[in-house]
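Close look at the chain arrangement
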Amino acid sequence: FSAVANTRNYVTTIIVHNAHASTNAYIDIRDGVAGAVLATIPLPANGGAIVPFTIPLRQPTANTALAFDVSAAVTTVYITVVGYQAKEA
């Protein structure tokens, strides 16, 4: 999700896949590039995870892009983030 004035990101589902054949890793979902870690998701070698948030994960900082950081040097990681943005009053 990108940064939009007076808007917060709400994440309802994250889908990740690690295409590397032998390296396990994890992915941190962050509040901006250098921001706080909001969630940590395992990335098993040649596997993945689907993480649904029954109550949407609300990004703490308005006007900030949602970011991610992968823990290990893996060749290819796919990530899909599903959610919405909402303006603040």
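Heads up: the structure comes first, above all this text.
Residues numbered from 1 in each chain as written. Predicted model: local features only at pLDDT ≥ 70, side-chain atom pairs only at ≥ 80, totals over all residues. Heavy atoms only, no water.

1. Things to note about the overall build of the protein chain
- Counting secondary structure elements, the protein chain contains zero helices and six strands.
- Shown N-terminal to C-terminal, the secondary structure of the protein chain runs as helices and strands in the order β-β-β-β-β-β.
- Relative to a compact globule of 89 residues, whose C-alpha radius of gyration would be 12 Å, the protein chain shows 14 Å and is just as compact.
- Principal-axis analysis of the C-alpha atoms gives the protein chain an extent of 50 × 25 × 15 Å.
- Considering the protein chain as a whole, with its 89 residues, one finds that 35% of them fall into the buried category. (Helix = DSSP H or I, 4+ residues; strand = E, 2+ residues; numbered from the N terminus. Rg over C-alpha atoms; globule rule 2.2 N^0.38 Å. Buried < 20%, exposed > 50% of the residue type's maximum accessible area, 1.4 Å probe, protein only.)

2. Section: the nonpolar core
- Ranked by size, the top nonpolar core spans 14 residues in total, and within it Val-11, Ile-14, Val-16, Ile-27, Ile-29, Ile-41 and Phe-53 carry the most contacts.
- Within the residue set of this core, elements represented by two or more residues are strand S1 (7-18), strand S2 (25-31), strand S3 (37-43) and strand S4 (47-58).
- Contact partners of Ile-27, with chain neighbours within four places excluded, come to Val-16, Ala-39, Thr-40, Ile-41, Leu-43, Phe-68, Asp-69, Val-70 and Ile-79. (Core = buried A, V, L, I, M, F, W, Y, C linked by side-chain atoms within 4.5 Å. Contact = heavy atoms within 4.5 Å.)

3. Remarks on the side chain of Gln-59
- With respect to the element layout, Gln-59 can be found in the loop between S4 and strand S5 (66-70).
- Under the relative-accessibility criterion, Gln-59 is labelled buried at 1%.
- Engagement of the side chain of Gln-59 in a polar contact is seen with the side chain of Asn-9, the distance being 2.6 Å.
- Separated by 2.8 Å, the side chains of Gln-59 and Asp-31 make a polar contact.
- The contact partners of Gln-59, leaving out residues within four places of it in the chain, are Arg-8, Asn-9, Arg-30, Asp-31, Gly-32, Leu-38, Thr-64, Ala-65 and Leu-66. (Polar contact = N/O pair within 3.5 Å; in protein donor to acceptor, adjacent residues only side chain to side chain.)

4. Remarks on the pattern of salt bridges
- Scanning the entire structure with this criterion turns up one salt bridge.
- Where Asp-28 meets Arg-30, a salt bridge forms, and the shortest distance between an N and an O atom there is 4.0 Å. (Salt bridge = Lys/Arg side-chain N within 4 Å of Asp/Glu carboxyl O.)

5. What to know about unusual backbone geometry
- We note that Asn-46 has phi near 55°; this positive angle belongs to a residue other than glycine.
- Within the element layout of this structure, Asn-46 appears in the loop between S3 and S4.
- Judged by relative accessible area, which is 54%, Asn-46 ranks as exposed.
- Its identity is not glycine, yet Asn-63 carries a phi of approximately 60°, on the positive side.
- On the secondary structure map, Asn-63 appears in the loop between S4 and S5.
- On the basis of relative accessibility, which here comes to 39%, the residue Asn-63 falls in the partly exposed class.

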